[in-house]
Amino acid sequence: MLRDPRTTLEPALTSLFVQCLALFIAPKGLGHYWNTHYGKFYPFRNLYRVDAFDLSLLIPYFVVMVILAFYGIHRYQLVWLYYRNKKNAAKWDEPPTRFAPSDLPFVTIQLPIYNEQFVIDRLIDACCRLDYPRDRFEIQLLDDSTDETIEVARQIVERYAAGFGGLPPQPIVYLHRTNRYGYKAGALDEGLKVAHGELIAIFDADFVPPPQWIMQVIHQFADPAIGMVQTRWTHLNRNYSFLTQVEAIMLDGHFVLEHGGRSRAGVFFNFNGTAGMWRRQTIDDAGGWQHDTLTEDTDLSYRAQLAGWKFKYLQDVECPAELPIEMTAFKTQQARWAKGLIQTGKKILPRVLKSDAPFHTKLEAWYHLSANISYPLMIVLSTLLMPAMIIRSYQGWIQMLLIDFPLFMASTMSVSSFYLVSQRELFPGRWYKTFLYLPFLMALGVGLTITNTKAVLEAIFGFKSAFARTPKYRVLKKGERSQAKVYRKRLGIVPWIELLIGCYFAATVWYAVTSENYFTVPFLLLFVLGYWYTGLLSLLQGRFERGADESMHEKPYPVGI
């Protein structure tokens, strides 16, 4: 028997009308109505009653996660800035005017070194072969060495000054200081006192500038507003080991996306201490080289840009250099940079925030100079991770989807996407190989937490330390034997702490598996891999290279590792 549609439709419409009416006239409000009628879909209802102790752990846990998520979102923003301005890259890189051959400015090339006996000849030879008129430049070897490098460097300078290796006599001078006052900044400042150049190019000992480097950079200074030009580092020993491969990817991310995004967006970015050229007047206007931070390059960069000078980054101009081949050397380098940036932030950020710079420039400076605060936050997160997992054992997949997944995407996934994009830009045909290195790259970032946290806390509380150089051994290819024992750094207790923390996270992985919290296992394994990788490599690397001399080389300055 057929039914009249109205007999079924009218009651349904009536019910819908009643519910809508109840929605607006419910005396306890919209929230009460939703919970009482649709509470069975509310994912947190009747699952857990939080007490004060649990809140004391969960609140700081989620505060740290949110802060780290904001820094992760900033990485996405840098990628966006890079791509937004990519179409104007060619126009940006091309100088508006060029010097006539007769008007090329005089250039002083400064080479600050400290105990670099294995690479000094390579550096000087490369600088003497730069394609630039010999009456328009000079080379200063600024030597603070305390070992055999002094005699080696002096003899090499004398040979090239007299004519060597098929080259005519070179305009090169040797300047040696008997103290390290001001460290690298002090050496550069001493050199400026006797420099004749209108422009100052700086190369660290492990760099090998190609012959065309000056001519690729010099014409940018035809614009009188340009105060500094930075070029991109490439890597002589990228394929030496798995560690150097990961280091190269990390540096590529910095130079492609951070420098590329910031410079083309017109916000502040920094000189990297080497492979760049300064206008002498810019250095003077900014107050000169100062040595109250360990990143004198970033300090001077911000002071110069606050003074109104413009900086330029040339991504297509390359300058190859050598990567650290030992974990202890790499950690020392990263700790120095971490501490120096926090020191610079304490010194410079108040001036930046009070300046007339646009808000987006101030915000970018804040993210740049404060980014290393994430390392102490990672320590807090590491401490609270297992208690938070136990407290939140009640949660299901909906809670994980609503809370943990967005934070994971913002904080952790931003790292992998950041470096993938940089490799895709540099190596379009083979960037996909980066997937192999991503877990180790992220784990290495975790493994740096202990040493970098120590460095950041020293900077925050004002503890001074010496400028710890990164030793280079002129080891470029797989299988080459290094002379690392000459400059190998002391290990201390840090590697053992890293191994111990790795064991703690291994226990956390076990708990996650037994409690069927499988979503967190890959994330936790990064912590295990990172701490064990950095700890074991610090302890074991170089042990098989020791010959008859088993003694550790004692440095005349603390290295903190």
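Rules and cut-offs
Residues numbered from 1 in each chain as written. Predicted model: local features only at pLDDT ≥ 70, side-chain atom pairs only at ≥ 80, totals over all residues. Heavy atoms only, no water. Helix = DSSP H or I, 4+ residues; strand = E, 2+ residues; numbered from the N terminus. Buried < 20%, exposed > 50% of the residue type's maximum accessible area, 1.4 Å probe, protein only. Contact = heavy atoms within 4.5 Å. Areas by Shrake-Rupley, 256 points an atom, 1.4 Å probe, with all protein chains shown as cover. Pairing = 2+ DSSP bridges. Axes fitted to C-alpha atoms, helices over the stretch in contact; angles between N-to-C directions. Disulfide = S-S within 2.5 Å. Patch = residues over 30% accessible without salt bridge, like charges linked within 9 Å, V, L, I, M, F, W, Y side chains within 5 Å. Salt bridge = Lys/Arg side-chain N within 4 Å of Asp/Glu carboxyl O. Phe/Tyr/Trp six-rings, centres within 6.5 Å; stacked < 30°, edge-to-face > 60°. Core = buried A, V, L, I, M, F, W, Y, C linked by side-chain atoms within 4.5 Å. Parallel < 35°, antiparallel > 145°, perpendicular 65-115°, else oblique. Left-handed = near helix turned anticlockwise from the far one by under 90°. Right-handed = clockwise from strand over helix to strand, strands pointing away. Expected span 1.5 Å × (residues − 1). Nonpolar A, V, L, I, M, F, W, Y, C, P; charged D, E, K, R; others polar.

(A) Examining the overall build of the protein chain more closely. For the protein chain, the count of helices and strands is 20 helices and seven strands. When burial is assessed residue by residue, the protein chain has 55% of its 561 residues classed as buried. Relative to all contacts within the protein chain whose residues are 6 or more apart in sequence, the contacts with residues 24 or more apart total 84%. Here the protein chain has roughly 25900 Å² of accessible surface; of this, 64% comes from carbon and sulfur atoms.

(B) Seen up close, the sheet that holds strand E7 (residues 310-321). Spatially, seven strands are ordered E3-E2-E1-E4-E6-E5-E7 in an open sheet, and the strand pairing comes out mixed. In this open sheet, the two edge strands, each paired with only one partner strand, are strand E3 (172-176) and E7. Adjacent strand axes in the sheet meet at a mean angle of 20 degrees, parallel and antiparallel pairs treated alike. Helix H9 (residues 242-265) rests against strand E5 (226-235) and E7 of the sheet, and its axis sits at about 155 degrees to E5.

(C) Quick peek at the state of the cysteines. According to the stated counting rule, one finds zero disulfides in the structure shown. The thiol sulfur of Cys-128 is not disulfide-bonded, and the nearest other cysteine sulfur, from Cys-127, lies at 7.0 Å. A residue is classified by how much of its surface remains accessible, and Cys-128, at 0% relative accessible area, is buried.

(D) View of helix H5 (residues 120-128). Of all nine residues that make up H5, seven are buried, and the element is covered over most of its length. Residues of H5 that are buried include every one of Ile-120, Arg-122, Leu-123, Ile-124, Ala-126, Cys-127 and Cys-128, and no others. The inward-facing, buried residues of H5 contact strand E1 (107-113), strand E2 (137-143), helix H6 (149-162) and E3.

(E) Molecular detail of a nonpolar patch on the surface. There is a patch of nonpolar side chains on the surface, built from Val-66, Phe-70, Ile-73, Tyr-76 and Met-413 and spanning about 410 Å² of accessible area. When residues of the nonpolar patch are assigned to their parent elements, the largest contribution, four residues, is made by helix H3 (residues 52-84). Looking at the element boundaries, Val-66 is found in helix H3.

(F) The arrangement of the packing of aromatic side chains in detail. Across all of its chains, the model carries 23 aromatic pairs by this definition. Between Phe-269 and Phe-311, the aromatic rings sit 6.0 Å apart at their centres with planes inclined by 85 degrees, giving edge-to-face as the arrangement. One end of the pair, Phe-269, is in the loop between H9 and strand E6 (276-279); the other, Phe-311, is in strand E7, and 42 residues separate them in sequence. Both residues of the pair, Phe-269 and Phe-311, count as buried. Pairing Trp-278 with Trp-289 gives two aromatic rings, centres 6.1 Å apart and planes at 70 degrees, and the pair type is edge-to-face. Taken together, the residues Trp-278 in strand E6 and Trp-289 in the loop between helix H10 (280-285) and helix H11 (296-306) connect sequence positions eleven residues apart.

(G) View of the environment of Ser-538. Relative to the elements of secondary structure, Ser-538 occurs in helix H20 (residues 521-540). The class for Ser-538 is buried, based on a relative accessible area of 2%. Each C-alpha atom, one on Ser-538 and one on Pro-495, is 6.3 Å from the other, the two residues being 43 residues apart in sequence.

(H) Seen up close, the nonpolar core. Residues Ile-109, Ile-124, Phe-203, Trp-213, Met-277, Trp-278 and Trp-289 are the most contacted members of the largest nonpolar core, which totals 65 residues. Here this core takes six residues from E7, the largest share from any one element. Discounting chain neighbours no more than four positions away, the residues touching Phe-203 are Ile-109, Gln-110, Leu-111, Pro-112, Leu-123, Cys-127, Pro-209, Trp-213, Thr-274, Ala-275 and Cys-319. Met-65, Leu-377, Val-446 and Phe-527 belong to the second-largest nonpolar core, a separate cluster that totals 29 residues.

(I) Structural context of the packing of helix H14 (residues 374-391) against helix H18 (residues 449-460). Where H14 contacts H18, the two axes come as close as 8 Å, and the packing angle between them is 125 degrees. On the basis of the axis angle, H14 is oblique to H18. Taken as a pair, H14 and H18 cross one another with a handedness that is left-handed. For the pair H14 and H18, contact is made by Tyr-375, Pro-376, Met-378 and Ile-379 and by Thr-449, Ile-450, Asn-452, Thr-453 and Val-456, respectively.

(J) Representation of the pairing of E1 within the structure. With respect to burial, E1 is a largely interior element, seven of its seven residues being buried. The side-chain alternation of E1 yields two buried faces, one formed by Val-107, Ile-109, Leu-111 and Ile-113 and the other by Thr-108, Gln-110 and Pro-112. In this sheet, E2 lies alongside E1 in parallel orientation, the contact comprising seven bridges. Bridge pairing in E2 places Pro-112 opposite Leu-142. Note that the unit made of E1, H5 and E2 has a crossover that is right-handed. Inspection of the sheet shows E1 paired to strand E4 (residues 199-202) by four bridges, in the parallel sense. Paired with Thr-108 across the bridge in E4 is Ile-200.

(K) A look at the pattern of salt bridges. Going through the model one piece at a time under the given rule, you end up with 19 salt bridges. Of the charged contacts in the structure, one is a salt bridge between Glu-425 and Lys-86, with a shortest N-O distance of 2.9 Å. Within this pair, whereas Glu-425 is found in helix H16 (residues 413-426), its partner Lys-86 is found in the loop between H3 and helix H4 (89-93), the two being separated by 339 residues in sequence. Because the salt bridges share partners, they merge into one network encompassing Asp-292, Asp-299, Arg-303 and Lys-347.

(L) Summary view of H18. Compared with the 16 Å implied by 1.5 Å per residue over twelve residues, the 16 Å span of H18 between its first and last C-alpha is a close match. Across the twelve residues of H18, nine count as buried, placing the element largely inside the fold. For H18, the full list of buried residues reads Thr-449, Ile-450, Thr-451, Asn-452, Thr-453, Ala-455, Val-456, Glu-458 and Ala-459. Elements in contact with the buried residues of H18: helix H12 (327-354), H14, helix H17 (434-447), helix H19 (494-514) and H20. Gly-462 occupies a position one or two residues after H18 and carries a positive phi of about 80 degrees.

(M) Geometry of the packing of H3 against helix H13 (residues 359-370). Remark: H3 packs on H13, axes separated minimally by 11 Å, with the N-to-C direction vectors making an angle of 120 degrees. Between H3 and H13, the angle is such that the two are oblique. Read as a crossing pair, H3 and H13 show a hand that is left-handed. Residue-level inspection shows Phe-70, Tyr-71, His-74, Gln-77, Leu-78 and Leu-81 of H3 in contact with H13, the latter providing Glu-364, Trp-366, Tyr-367 and Ser-370. Grouping the constituent residues of the contact of H3 with H13 by class yields six nonpolar, three polar and one charged.

(N) Up close: unusual backbone geometry. Even without a glycine there, the phi angle at Tyr-183 is positive, about 55 degrees. The topology assignment puts Tyr-183 in helix H7 (residues 183-192). The phi torsion at Ala-275 lies on the positive side, around 60 degrees, for a residue other than glycine. Relative to the elements of secondary structure, Ala-275 occurs in the loop between H9 and E6. Judged by its relative accessible area of 0%, Ala-275 falls in the buried class.

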